[in-house]
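# Coordinates in review
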Amino acid sequence: MNEISSAPLPKTILPPHADKGARLYISWSALYAHPLPEGHRFPMEKYELIPEQLLYEGTITEDNLYDPGKVTEEMVLLTHDKAYWEKLKHGTLSPKEVRRTGFPYSPRLIERALTIPMGTIQNVRFAQKYGVAINGAGGTHHAFTDRGEGFCLLNDIAIAANYLLAWNEISQALVIDLDVHQGNGTAQIFQQDPRVYTLSVHGAANYPLRKEESDLDIPLPTGIEDDEYLSRIGSILPKLFDEVNPDVVFYLSGVDVLETDRLGLLSLSRAGCKARDELVFAMCKEREVPMAVSLGGGYSRQVKDIVEAHCNTFRAAQDIFF
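Residues numbered from 1 in each chain as written. Predicted model: local features only at pLDDT ≥ 70, side-chain atom pairs only at ≥ 80, totals over all residues. Heavy atoms only, no water.

## Things to note about the environment of Phe-250
Our working definition: Every helix listed is a DSSP run of H or I at least four residues long, and every strand listed is a run of E at least two residues long, numbered separately from the N terminus. Think of it in three bands: with a 1.4 Å probe and only protein chains considered, a residue is buried below 20% of the maximum accessible area for its type, exposed above 50%, and partly exposed in between. Contact criterion: two residues are considered in contact whenever any of their non-hydrogen atoms come within 4.5 Å of each other.
Within the secondary structure, Phe-250 is located in strand S7 (residues 248-252). Taking the relative accessible area as the measure of exposure, Phe-250 reaches 0% and is therefore buried. Phe-250 sits 118 residues away from Val-132 along the chain, and the two C-alpha atoms are 10 Å apart. Discounting residues that sit within four places of it in the chain, Phe-250 has contacts with Thr-120, Val-124, Ile-157, Ala-160, Ala-161, Ile-170, Ala-173, Leu-174, Val-175, Ile-176 and Ala-292.

Take a look at the structure:
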């Protein structure tokens, strides 16, 4: 954890209008759907389409959505190196560093990067009251202390965990990262911190080529299907909860495990992906461990596959918790 010599760390609270009683709280901002050049491979439109679909079908109402605000520089510096943050803040990343992030640089992109982790922080607080809350974006697990890569600039789960630990709002976190890509940035950030246990279940043959060391890494064979995948997850989680005894779970629910995903190399059906979410939700509810969910990746050729798989995460949370 980095030392900060500036003003005392600010104590954030939920906006007074945000808490409207028991419901599924979803942090969402118009900044999430960031404009990208035509033909860019990241499906940024999903951040508009997911809430639109959930509202249309009646799974949620406008009262489920709230704008979380932004993290401050002091909050960022609990996780990320000052030199890296200064480059982000002032737009002085090298061309190579910009390419590594996967996004063209802009000040608005940094506003987005500051908004996402505040959503994860506030969702922990909602989850502590109501069991679960979901970030309408997030899962930026390829952001390291000193660099961004793989469409990730600031690590939302790491910023949230470090900030809440600093304020003693949590004491032992468990990161359940089920995105198809290893959570290399999250693993690196918490390698020396026993207060945050990192689990990454990912495709063995997938990005990143050089893996970091999580507390527990489960590399999966190319082409694994629903039954074997769910069996592996189901056998891991009870033991892990017993061992770690977390007081909060950060769940990264990437849908790039789908067979239709361009980058995933696994072979889960949409139903299998939903069953995975239901398994994790049921475990946290049974153990009475609050959980903050971040969406993670999804790169199917048909955006409807991505949107439906992500929407299933929200539907499963509604069905199990509310």
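## Things to note about the sheet that holds strand S2 (residues 65-66)
Rule in force here: Whether two strands pair depends on DSSP finding at least two bridges between them. Angular values range over 0 to 180 degrees, each being the angle between N-to-C directions of two axes fitted as lines to C-alpha atoms, with helices fitted over their stretch in contact.
Reading across the sheet, the 8 strands line up as S2-S1-S3-S8-S7-S4-S5-S6 and stay open at both edges, with parallel pairing between neighbours. Both edges of this open sheet fall to S2 and strand S6 (216-220), since each of them pairs with a single strand only. Note that strand S4 (residues 173-177) and S7 share 5 bridges and pair parallel. Its bridge partner being in S7, Asp-177 is matched across the sheet by Leu-252. Taken strand by strand, helix H8 (residues 226-244) contacts S4, strand S5 (196-203), S6 and S7, and its axis lies near 170° from that of S5.

## Quick word on the packing of aromatic side chains
Heads up, the rule is: Stacked, tilted and edge-to-face pairs are distinguished by plane angle, under 30 degrees for stacked and over 60 for edge-to-face with tilted covering the rest, among Phe, Tyr and Trp rings (Trp via its six-membered ring) whose centres lie within 6.5 Å. The criterion for a charge sitting over a ring is simple: Lys NZ or Arg CZ within 6 Å of the ring centre, and within 35 degrees of the ring normal.
Applying the stated criterion across every chain yields a total of 13 aromatic pairs. By way of ring pairs, the aromatic residues Phe-42, Tyr-47, Phe-103, Phe-151 and Tyr-299 are connected into one cluster. If you follow Arg-147 out to its NZ or CZ, it ends over the ring of Phe-144, 3.7 Å from the centre.

## Some words on the packing of helix H1 (residues 46-57) against helix H10 (residues 303-321)
Under the convention used in this document: Working rule for angles: under 35 degrees goes down as roughly parallel, over 145 as roughly antiparallel, 65 to 115 as roughly perpendicular, anything else as oblique. It is the rotation of the near helix from the far one that decides the hand of a crossing: anticlockwise by less than a right angle makes it left-handed, clockwise makes it right-handed. Lys, Arg, Asp and Glu make up the charged group, whereas Ala, Val, Leu, Ile, Met, Phe, Trp, Tyr, Cys and Pro make up the nonpolar group; the residues left over, Gly among them, are polar.
Interaxial distance between H1 and H10 falls to 9 Å at its minimum, and their mutual angle equals 55°. The angle between the axes of H1 and H10 places the two elements in the oblique class. Where H1 crosses over H10, the two elements pack in a sense that is right-handed. Only Val-303, Ile-306, Val-307, Glu-308, His-310, Cys-311, Phe-314 and Arg-315 of H10 make contact with H1, whose side of the interface consists of Lys-46, Leu-49, Ile-50, Gln-53, Leu-54 and Glu-57. Residue composition of the contact of H1 with H10, by class: 8 nonpolar, 2 polar and 4 charged.

## Side note on helix H5 (residues 107-130)
Quick reminder of the rule: Here a helix's expected span is defined as the number of its residues, less one, multiplied by 1.5 Å.
Helix length check: H5, at 24 residues, gives a terminal C-alpha distance of 35 Å against a target of 34 Å (1.5 Å per residue), a fit within 8%. In terms of burial, H5 is largely enclosed, as 19 of its 24 residues are buried. Positive phi appears at Gly-131, one or two residues downstream of H5, with a value of about 100°.

## Concerning the pairing of strand S3 (residues 132-135)
Side-chain alternation along S3 places Val-132 and Ile-134 on one buried face and Ala-133 and Asn-135 on a second face that is also buried. For strand S1 (residues 25-27) and S3, the ladder comprises 3 bridges, and the chain directions are parallel. Its bridge partner being in S3, Tyr-25 is matched across the sheet by Ala-133. One ladder, built from 3 bridges, connects S3 with strand S8 (residues 291-294); its direction is parallel. Across the sheet, residue Val-132 finds its bridge partner in S8, namely Met-291.

Interpretation in functional terms is not warranted from these geometric data alone.
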